[in-house]
Amino acid sequence: MKLLFDQNLSRHLVVRLAHLFPDSSHVATVGLDTASDREVWDYAGHHGFTIASKDSDFRQLAFLLGSPPKSIWLRVGNRSTSAISTLLSDSVETVEEFGESEESALLVLPNLDG
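Keep in mind that what you see is a predicted model, and the values were worked out from it rather than measured. (Residues numbered from 1 in each chain as written. Predicted model: local features only at pLDDT ≥ 70, side-chain atom pairs only at ≥ 80, totals over all residues. Heavy atoms only, no water.)

Chemist: Account for the nonpolar core, naming residues and giving values.
Modeler: Judged by nonpolar contacts, the single largest core of 19 residues is most densely connected at F5, I72, L74, L88 and L109. Counting residues per element, the ones that place at least two in this core are β1 (3–5), α1 (12–16), β4 (70–75), α4 (81–90), α5 (92–100) and β5 (106–110). Not counting residues within four places of it along the chain, the set of residues in contact with L88 comprises F5, L17, F21, L74 and L109. Grouped together as the second largest cluster of nonpolar side chains are 15 residues, V27, L32, W41 and A62 included. (Core = buried A, V, L, I, M, F, W, Y, C linked by side-chain atoms within 4.5 Å. Buried < 20%, exposed > 50% of the residue type's maximum accessible area, 1.4 Å probe, protein only. Helix = DSSP H or I, 4+ residues; strand = E, 2+ residues; numbered from the N terminus. Contact = heavy atoms within 4.5 Å.)

Chemist: Describe the sheet that holds β4, listing the residues and the values that go with them.
Modeler: With parallel pairing, five strands are arranged side by side in an open sheet as β2-β1-β3-β4-β5. Whereas interior strands pair on both sides, the edge strands pair on one side only; in this sheet they are β2 (25–26) and β5. (Pairing = 2+ DSSP bridges.)

Chemist: Explain a negative patch on the surface to me, and be specific about the residues and the numbers.
Modeler: On the surface, a cluster of negative charge is contributed by E93, E96, E97 and E100. Tracing the sequence through the fold places E97 in helix α5. Accessibility expressed as a relative area gives 55% for E97, which makes it exposed. (Patch = residues over 30% accessible without salt bridge, like charges linked within 9 Å, V, L, I, M, F, W, Y side chains within 5 Å. Areas by Shrake-Rupley, 256 points an atom, 1.4 Å probe, with all protein chains shown as cover. Salt bridge = Lys/Arg side-chain N within 4 Å of Asp/Glu carboxyl O. Lys, Arg positive; Asp, Glu negative; His and termini not counted. Charge placed at Lys NZ, Arg CZ, Asp CG, Glu CD.)

Chemist: Account for unusual backbone geometry, naming residues and giving values.
Modeler: Residue S67 is joined to P68 through a cis peptide bond whose omega torsion reads 5°. Here P68 shows up in the loop between α3 (57–65) and β4. Despite not being glycine, D23 has its phi angle at roughly 70°, a positive value. Relative to the assigned elements, D23 resides in the loop between α1 and β2.

Written out as structure tokens, the structure is:
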């Protein structure tokens, strides 16, 4: 699964998680750093990405439009890049199962340590 990290997440996540999510990218890298949520949604759908974001707007798009693309809503608040990297690393099996699911359009990953 390749992830497209939204502008509210660090570009460093692409490198930190490359071994788990190869071919992932960041919206800034593909010229979408100032794009609307719908533009990011459309790009991800056309290019086979799953969106990873802290933005709840992608949750709404997932419910309204379904997939593709799929969206991972990281409900982590103001956490460090390291903490978000750890959350995604620790959740890799869940993320992969989500990616394989035909029915699911949204995965919510909460901050597990409160």
